[in-house]
Protein chains: 2
Amino acid sequence: MSEATAAADPAAMAALKHVALAGGLTETKVSCAALGDRLDASTQTASRRLQTLESAGLLERDVVGDGQWVRVTDAGEAALRGEYADYRRLFESDVELVLRGAVTGGMGEGRHYITLPGYAAQFAARLGYEPFPGTLNLELDAESVRRRGEIAGIDAVPIDAWEDEDRTYGAAACYAVTLVADDGRYEDGHAIVPDRTHHDDDKLEVIAPDELRAELDLTDGDTIEVRVEATSRADAPDDPDAFEDSGEPEDPDEPLGEVA
Amino acid sequence: MSEATAAADPAAMAALKHVALAGGLTETKVSCAALGDRLDASTQTASRRLQTLESAGLLERDVVGDGQWVRVTDAGEAALRGEYADYRRLFESDVELVLRGAVTGGMGEGRHYITLPGYAAQFAARLGYEPFPGTLNLELDAESVRRRGEIAGIDAVPIDAWEDEDRTYGAAACYAVTLVADDGRYEDGHAIVPDRTHHDDDKLEVIAPDELRAELDLTDGDTIEVRVEATSRADAPDDPDAFEDSGEPEDPDEPLGEVA
DNA sequence: ATTACTAATACACGAGTAA
DNA sequence: TTTACTCGTGTATTAGTAA
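Residues numbered from 1 in each chain as written. Chains lettered and ligands numbered in written order. Predicted model: local features only at pLDDT ≥ 70, side-chain atom pairs only at ≥ 80, totals over all residues. Heavy atoms only, no water.

Turning next to the protein's contact with DNA strand C. As a structural note, the neighbourhood of DNA strand C is formed by 18 residues, with Gly65 of chain A together with Ser42, Gln44, Thr45 and Arg49 of chain B the closest of them. The sugar and phosphate moieties of DNA strand C supply 64% of its atoms located within 4 Å of the protein. Between Gln51 of chain A and DNA strand C, the recorded distance is 3.5 Å, taken from a side-chain N or O atom to a phosphate oxygen. Ser42 of chain B is positioned such that a nitrogen or oxygen atom in its side chain is 2.8 Å from a phosphate oxygen of DNA strand C. Mapped onto the surface near DNA strand C, the elements with two or more residues apiece are α3 (43-55) and β2 (59-63) of chain A together with α3 (43-55) of chain B. The element contributing the most residues to the surface near DNA strand C is α3 of chain B, with 4 residues. (Near = heavy atom within 4 Å. Polar contact = N/O pair within 3.5 Å; in protein donor to acceptor, adjacent residues only side chain to side chain. Helix = DSSP H or I, 4+ residues; strand = E, 2+ residues; numbered from the N terminus.)

In C-alpha cells:
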C-alpha cells in the first residue's frame, strides 16, 4: 500500500496485464499462442504463466479445448491497480515541495496522539490506511525551514478536531509525502501538521502505514528527503468511504473545526 | 504505439520503475542493496539489472564507489510511459460502446482516401500516427447496427474537410477503438466515420498504425469486437503538434469545415 | 486448432570474492 | 561500505509430443 508494490513476479504481472487488456477484467477468451506473441515467449511459457497466475489466485480460468476463458480475480485487479498507482506516482503526482531533515527522537508523544480513536478513525477513513503507531520526527534544515511555509498552498487531507469527556483535540492537515532515504529507499506517508501551532517551524512529523525507521533503515541523525506531493490523493485504491471496520464509527454530527 | 508495449524485459522494467520512483527521472543516488530489497532479489541481481538497463539505453549511470548516480534516459522514460499508457487503458478508458462485425473486403477505396495528403497530414497530427495504408472494413451485425447510433455521443477527433484543385473532400470523425479478435489478440486504432453519409449504417471502417489484418490474423468473414472508447485521446505520448516530418505541411489558412 | 506434459538446454540467480 | 566479477547451481525456458 505504501511503497512500490513488490509485485509477485514481473513476468507474471506482464502476462496478467495483457490478459486484462484483452478484456480479462470481465471475461475474455485468450489463446496461449496470442499471449505468447505479446510476451515475446513461447506458447508453453504463456500456458505456464496462466497456470502460475491461477495458482497465485490472480486469475480464474476455464479451459475449453479451443482456448480458455479467463477473468482476473479481485486480487489480480488489486495487483494491477498497485502497478497503476506506481505509474501514476511517476507521471501524475508532481512533487510540489522538497524538504530535508534529520531524524530525531521522540516517538512517544506522536505515538500517543495518532493512536487516539478520534484521530485513528479519520486516518483510516481519509488516508486509506491505519498509521503505524508512531511518528517519524524530523528536524528540518535551514533551507527547508525557510521553504516550509509553501506547504500551506498545497492540497491536504483535513483531519477534524474532536473531543472526549476530558478535553478537545485540535484539527490538523495531512500532506501526502514520499520519503526518500539517502540510499534510494523510499516510502509513502503523510506529513501531519497541526492547524494551531505555528511555533516549531523546524519540526515535521510524518506518519505512514509501515514503520518508517525500519523500512528506511533510519537512526537518529540520518537525513532524509521529504517530497510533498501536489495532489494528496489517498493510496487506497477504490473505496474512500469504507472504514467501518476500523476504529470508532464517526459521528456525522460531531462538532468539527473551531476548537481552542 | 498501438498494442501493449512489448516491454523489453519485465524484470528490467520493474527495476527501471523503481529507479524512477526513487527519483531517477531527474537524477538520484541508488544502492544495489536498496534496489535488491525492492525487487526481492540479491544485490548482485540488482547490480546486473542496472547494467542491463544501461546497455539497453534506458538508464545512465555514474558509479561512484559508495553507490551510483542514475538517471532514466528519454528512451527509458518512453518505455515507462508505454507501461503507464497500458494501465491507463485498463483503468481509465472506460469502453463506451461495444460493436461486433465481420471483416469484409474492399481495402481499395479506403486505402485511396486515407493516403491522400489532406487526410494523411491530419491523421499524423491529430491521431499521433500515420495509418497503415488501408482500412479494415467491417459489416456490423444486427445488434451492432442498432446500437451504432450511440457513437454520435462519444468524443471523437475531428478530421476537417479539405480540397485540392479537382474536388473537395468531406470532414469525418475518428473514434478511438480497440479491436479484439476472438483469440484475444487486440489492436488499437480509430473508427473513421464520414460526417455526411448516413446510409451504410451497417458498415464500419477502421484505421490503425499497423496492418490490422496481419496483426490480428484476420480474413474475410472473421468476426471481431470493436470497443469504442469514451475518451479519444491519441496514443502519441507527449508531443501533439510534432508532425512536420510526416506528409504535407498543413496550411494554417486552409478553408476548413463546411463543404458540400 | 487447442492446453500442457516431459525432457534437454540455456539462462538467470546468488554465494563468494576482489577491487 | 560500495560495485561487479566468476562460478556452481537451480530454475525457467523451449522443443517435442500427447491428449
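Bringing the protein's contact with DNA strand D into the picture now. Of all residues adjacent to DNA strand D, which total 18 residues, the nearest are Ser42, Gln44, Thr45, Arg48 and Arg49 of chain A. Counting only the atoms of DNA strand D that lie within 4 Å of the protein, the sugar and phosphate share comes to 69%. Contact distances for DNA strand D include 3.0 Å between a phosphate oxygen and a backbone N or O atom of Cys32 of chain B. Here Arg61 of chain B contributes a side-chain N or O atom positioned 2.8 Å from a phosphate oxygen of DNA strand D. Counted by class, the surface near DNA strand D contains 4 nonpolar, 10 polar and 4 charged residues. (Nonpolar A, V, L, I, M, F, W, Y, C, P; charged D, E, K, R; others polar.)

Turning our attention to the relation of the copies chain B and chain A. Take chain B, turn it by 179°, move it 0.1 Å along the axis, and it overlays chain A with an RMSD of 0.2 Å. The superposition of one copy onto the other is thereby described by a two-fold rotation axis. Considering only C-alpha atoms, the part of chain B nearest the rotation axis is Pro10 of chain B, at 2.7 Å. Here 100% of the contact residues of chain B are again contact residues in chain A; the copies associate through an equivalent surface. (Least-squares fit on C-alpha atoms with pLDDT ≥ 70 in both. Contact = heavy atoms within 4.5 Å.)

A separate point is the interface of chain B and chain A. Between chain B and chain A, the residue contacts involve 41 residues of the former and 41 residues of the latter. Counting each side, the surface lost to burial between chain B and chain A is near 3600 Å², with a carbon and sulfur contribution of 59%. In this structure, the connection of chain B to chain A is made through 8 salt bridges. As a salt-bridge pair, Arg38 of chain A and Glu187 of chain B come within 3.8 Å of each other at their nearest N and O atoms. (Buried area = accessible area lost by both parts, 1.4 Å probe. Salt bridge = Lys/Arg side-chain N within 4 Å of Asp/Glu carboxyl O.)

Residue and element names in this part refer to chain A. Read across the open sheet, the 3 strands follow the order β1-β3-β2; overall the sheet is antiparallel. Each edge of the open sheet carries a strand with a single partner, namely β1 (28-30) and β2. Looking at each pair of strands side by side, their axes are set apart by 35° on average, direction ignored. Sheet topology places β2 next to strand β3 (residues 68-72); 5 bridges connect them, and they run antiparallel. Each bridged residue has a counterpart across the sheet, and for Arg61 the counterpart in β3 is Val70. Contacts between α3 and the sheet are confined to β1, β2 and β3, with β2 contributing the most and set at about 125° to the helix. (Pairing = 2+ DSSP bridges. Axes fitted to C-alpha atoms, helices over the stretch in contact; angles between N-to-C directions.)

All names here are of chain B. Counting buried residues along strand β5 (residues 136-140), 4 of its 5 residues qualify, which places the element largely inside the surrounding structure. Here strand β4 (residues 95-104) pairs with β5 via 4 bridges, running antiparallel. Note on β5: the bridge partner recorded for Val103 is Leu138. Looking at chain direction, β5 and strand β11 (residues 203-207) are connected through 4 bridges and run antiparallel. Across the sheet, residue Leu136 finds its bridge partner in β11, namely Val206. (Buried < 20%, exposed > 50% of the residue type's maximum accessible area, 1.4 Å probe, protein only.)

With that settled, consider the sheet that holds strand β2 (residues 59-63) of chain B. Residues and elements named next belong to chain B. Spatial ordering of the open sheet is given by β1-β3-β2, a layout of 3 strands whose pairing is antiparallel. Since the sheet does not close on itself, it has two edges, and those belong to β1 (28-30) and β2, each with one partner. On average, each strand axis in the sheet is tilted by 35° relative to the strand beside it, whichever way the strands run. The sheet contacts of helix α1 (residues 10-24) involve β1, β2 and β3 (68-72), and relative to β3 the element is tilted by about 105°.

Another aspect to go through is the pattern of salt bridges. All chains considered together, the criterion is met by 43 salt bridges over all chains. In this structure, the salt-bridge partner of Glu150 of chain B is Arg147 of chain B, at a minimum N-O distance of 3.3 Å.

Right, let's talk about the pairing of strand β11 (residues 203-207) of chain A for a bit. Consecutive residues of a regular strand have side chains that alternate between opposite faces of the sheet. As defined by bridge partners, strand β10 (residues 186-194) of chain A adjoins β11 of chain A across 2 bridges and the pair is classed as antiparallel. By the bridge assignment, His190 of chain A is partnered in β11 of chain A with Ile207 of chain A.

Attention shifts here to the nonpolar core. Where a protein is soluble and globular, its nonpolar side chains tend to be buried together. Counting residues in each nonpolar core, the largest one holds 54 residues, and the members touching the most others are Leu16, Leu59 and Leu80 of chain A together with Leu16, Leu59 and Leu80 of chain B. When sequence neighbours within four positions are dropped, the list of residues in contact with Leu80 of chain A reads Met13, Leu16, Lys17, Ala20, Leu25 and Val72 of chain A together with Tyr87, Leu90 and Phe91 of chain B. (Core = buried A, V, L, I, M, F, W, Y, C linked by side-chain atoms within 4.5 Å.)

The subject of this paragraph is helix α2 (residues 32-39) of chain B. Along α2 of chain B, 6 of the 8 residues are buried, which leaves the element largely enclosed by surrounding structure. Among the residues of α2 of chain B, those classed as buried are Cys32, Ala34, Leu35, Gly36, Arg38 and Leu39 of chain B. Check the buried side of α2 of chain B and you find it contacts β10 of chain A together with α1, β1, α3 and β3 of chain B. In the segment just after α2 of chain B, Asp40 of chain B is the residue with positive phi, at about 55°.

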